[in-house]
Amino acid sequence: MKTRPLDPLRSIKTKLGVLVVTSVFVSTLLMILGLRAEVQFRYMFVVTSLACLSVTLLLAHGMTSPLREMTAAARAMARGDYSRRVRDTSRDEVGQLATAFNRMASDLEQVDRHRKELVANVSHELRTPIAGLQALLENMVDGVQEPDKEHLGQALTQTERLGRLVADLLDLSRLDAGVVPLRPREFAVRPFLESVLREAEALGHDVVFVVDVEPAALTALADTERLHQVVTNLLANACRHSPPGGRVSLHAQADDGVGSLRLEVQDQGPGIPREERTRVFERFIRGGDRSAIGGEGAAVPYQGGGGRREGGGTGLGLAIARWAVALHGGEIAVAESRYGCRIRVVLPGDPGRARQEAG
């Protein structure tokens, strides 16, 4: 990008000084040349004034052009166009302002894109269960179907799906707003995980749960309510993508440090392609032939080896899990595995300190 004449200077005061000195130098030089040539004063005055004005406009144009560009970009933003950027080659205060403006424009563009994606995805997610529920109720009202236990159960399933979507959105909005407090406490890991597994078993998943804690008396320091969200989402996704009768393993061990914890959830599903492992923690990420994607399952059924047995979901669960882990200053990622999908969660022994260091 081509720089302007005064861009290398770091201060607007220095630029103004250079502007004044250059104008004085040009006017003095022309005055001396005019006196030597014995030019009449009125002609010499006009020429000198025009020359000084030209030099001033040339140098000042580069100094003020970022401000004009920011004005035009701000007007474009008011119309909903966040793609405009300002040239920020200057190193002075105006250049710093231009850099900050570009960063703000990028953030606003990203927020606007996320807002549009959120509206589109939520509308899509709500439409499916609402349409199914409406059709079912219309058939009951018209007498096409009897309001028996089977059909009422189908209606209940659709309402539960709506409830999960609303709950996921509410949790995510709280996490985004930073209003979710973190209350870490020391707890015994095995009883905690066994209670979460009992809740998962009560949902009737056709899988075998295996829990492994090393050592058996392992304790950790974390917010158990937030951690419950993480483990519940990981188990739900693992169950959904494992074939009928498959095994879902939950392994826990101490990580490096007192009170730290490493959790791993392993399923026997189709796994996640390597190129998509970093994207599965984004909101509403969907895809086929992968396990443990989305809050309540991926949108595309698994096509081999048993596959999913439940409908599509919100695509928010892993996003919520990531934020809950981030609240602790921990890490969540898809780990290498010979089969299925293995998601690893690492929580530090001091969540408050880890959050400060990460921030």
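This is a predicted model, so every value here is computed, not measured.

Engineer: Would you explain the overall build of the protein in this entry?
Structural biologist: The helix and strand inventory of the protein stands at eight helices and seven strands. Burial statistics for the protein: of 359 residues in total, 41% are counted as buried. Summarising the internal contacts of the protein: among those between residues at least 6 apart in sequence, 68% fall at separations of at least 24. Carbon and sulfur atoms provide 57% of the accessible area of the protein, an area that totals close to 19800 Å².

Engineer: Hey, could you run me through the pairing of strand β4 (residues 246-253) in this one?
Structural biologist: A regular strand places its side chains so that they alternate between the two faces of the sheet. For β4, a buried count of six out of eight residues is recorded, marking the element as mostly surrounded by other parts of the structure. Where strand β2 (residues 207-214) and β4 come together, eight bridges link them in parallel fashion. Its bridge partner lying in β4, Val 210 is registered against Ser 249. Examined bridge by bridge, β4 and strand β5 (residues 261-266) share five bridges and lie antiparallel to one another. Paired with Gln 253 across the bridge in β5 is Arg 262.

Engineer: Please explain the environment of Ala 188 as it appears in this structure.
Structural biologist: As for its position among the elements, Ala 188 is in strand β1 (residues 185-188). For Ala 188, a relative accessible area of 36% gives the class partly exposed. Sequence separation of Ala 188 and Leu 221 is 33 residues, and the distance between their C-alpha atoms is 9.2 Å. Ala 188 has contacts with Leu 218 and Thr 219, leaving out every residue within four places of it along the chain.

Engineer: What should I look at first to understand the packing of helix α6 (residues 224-241) against helix α7 (residues 317-327) in this one?
Structural biologist: How two helices sit against one another is set out by the angle between their axes and by the gap between those axes. Two numbers describe how α6 lies on α7: the axes approach to 9 Å, and their chain directions differ by 150 degrees. Comparing the axis directions of α6 and α7 gives the class roughly antiparallel. Once α6 is placed against α7, the crossing between them reads as left-handed. Between α6, through Arg 226, Gln 229, Val 230, Asn 233, Leu 234 and Asn 237, and α7, the contact on the second element is made entirely by Gly 317, Leu 318, Ile 320, Ala 321, Ala 324, Val 325 and Leu 327.

Engineer: Explanation requested: the pairing of strand β6 (residues 331-335) in the structure shown.
Structural biologist: Here β6 runs beside strand β7 (residues 342-347); their pairing, made up of five bridges, is antiparallel. Bridge pairing in β7 links Val 334 to Ile 343. If you look at the hairpin formed by β6 and β7, you'll find six residues sitting between the two strands, and Gly 340 has a positive phi there, around 60 degrees.

Engineer: Whenever I open this one, α7 confuses me. Can you help?
Structural biologist: The α-helix winds at 3.6 residues per turn, so residues separated by three or four positions along the chain end up facing the same way. With respect to burial, α7 is a largely interior element, eight of its 11 residues being buried. Gly 317, Leu 318, Ala 319, Ile 320, Ala 321, Ala 324, Val 325 and Leu 327 are the residues of α7 that are buried. Gly 329 lies just past α7 and shows a positive phi near 75 degrees.

Engineer: What is the right way to look at the sheet that holds β7 in this model?
Structural biologist: Sheet strands pair by backbone hydrogen bonding; their relative direction is either parallel or antiparallel. Ordered in space as β2-β4-β5-β7-β6, the five strands form an open sheet in which the pairing is mixed. Two strands in the sheet have a free side with no partner beyond their single neighbour: β2 and β6. Between one strand and the next, the sheet's axes are offset by a mean angle of 15 degrees, whatever the strand orientation. Relative to β5, α6 is tilted by about 20 degrees, and along the sheet it contacts β2, β4, β5, β6 and β7.

Engineer: Please explain a nonpolar patch on the surface as it appears in this structure.
Structural biologist: On the surface, Phe 41, Phe 45, Val 46 and Leu 50 cluster together into a nonpolar patch covering about 430 Å² of accessible area. Looking at the secondary structure, you find Val 46 in helix α2 (residues 41-78).

Engineer: What is the right way to look at unusual backbone geometry in this model?
Structural biologist: Most peptide bonds adopt trans geometry, and most residues besides glycine take a negative phi value. Look at the link from Glu 214 to Pro 215: it is a cis peptide, with omega at -10 degrees. With respect to the secondary-structure elements, Pro 215 resides in the loop between β2 and β3 (219-222).

Engineer: Can you help me understand the confidence of the model for the protein in this one?
Structural biologist: Atomic detail in the predicted coordinates should be set aside for any region of low pLDDT. Averaged over all residues, the pLDDT of the protein is 76; the fraction at 70 or higher stands at 78%. Looking over the protein, one finds the lowest element-wise mean pLDDT in helix α8 (residues 351-358), namely 55, and the highest in β5, namely 93. Below pLDDT 50 for its whole length, residues 286-314 participates in 109 contacts with residues either more than four positions away or in separate chains.

Engineer: Is there a simple way to think about the nonpolar core in this case?
Structural biologist: Looking at soluble globular proteins, one finds that nonpolar side chains tend to be buried together. Of all hydrophobic cores here, the largest spans 39 residues; its most connected members are Val 189, Leu 193, Leu 227, Val 231, Leu 235 and Leu 261. No other element matches the seven residues that α6 contributes to this core. Every residue in contact with Leu 261, bar those within four places of it in the chain, is listed here: Val 189, Leu 218, Ala 220, Leu 227, Ala 252, Gln 253, Asp 255, Val 345, Val 346 and Leu 347. Counting residues in hydrophobic clusters, the runner-up holds seven residues, among them Met 70, Ala 98, Phe 101 and Ala 105.

Engineer: Is there a simple way to think about the side chain of Ser 260 in this case?
Structural biologist: Locating Ser 260 in the fold gives a position in the loop between β4 and β5. Apart from residues no more than four positions distant in its own chain, Ser 260 is found in contact with Thr 219, Ala 220, Ala 254, Asp 255, Leu 347, Pro 348 and Gly 349.

Engineer: Explanation requested: the packing of helix α5 (residues 189-202) against α6 in the structure shown.
Structural biologist: Closest axis-to-axis distance for the α5/α6 pair is 10 Å, and the angle between their directions is 45 degrees. With respect to α6, the element α5 is oriented oblique. Crossing geometry of α5 relative to α6 is assigned as right-handed. The segment α5 lies against α6, with Phe 192, Leu 193, Val 196, Leu 197, Glu 199 and Ala 200 engaging Thr 224, Leu 227, His 228, Val 231, Thr 232 and Leu 235. Class assignment of the residues belonging to the contact of α5 with α6 gives a composition of eight nonpolar, three polar and one charged.

About the cut-offs
Residues numbered from 1 in each chain as written. Predicted model: local features only at pLDDT ≥ 70, side-chain atom pairs only at ≥ 80, totals over all residues. Heavy atoms only, no water. Helix = DSSP H or I, 4+ residues; strand = E, 2+ residues; numbered from the N terminus. Buried < 20%, exposed > 50% of the residue type's maximum accessible area, 1.4 Å probe, protein only. Contact = heavy atoms within 4.5 Å. Areas by Shrake-Rupley, 256 points an atom, 1.4 Å probe, with all protein chains shown as cover. Pairing = 2+ DSSP bridges. Axes fitted to C-alpha atoms, helices over the stretch in contact; angles between N-to-C directions. Parallel < 35°, antiparallel > 145°, perpendicular 65-115°, else oblique. Left-handed = near helix turned anticlockwise from the far one by under 90°. Patch = residues over 30% accessible without salt bridge, like charges linked within 9 Å, V, L, I, M, F, W, Y side chains within 5 Å. Salt bridge = Lys/Arg side-chain N within 4 Å of Asp/Glu carboxyl O. pLDDT = per-residue confidence, 0-100. Core = buried A, V, L, I, M, F, W, Y, C linked by side-chain atoms within 4.5 Å. Nonpolar A, V, L, I, M, F, W, Y, C, P; charged D, E, K, R; others polar.

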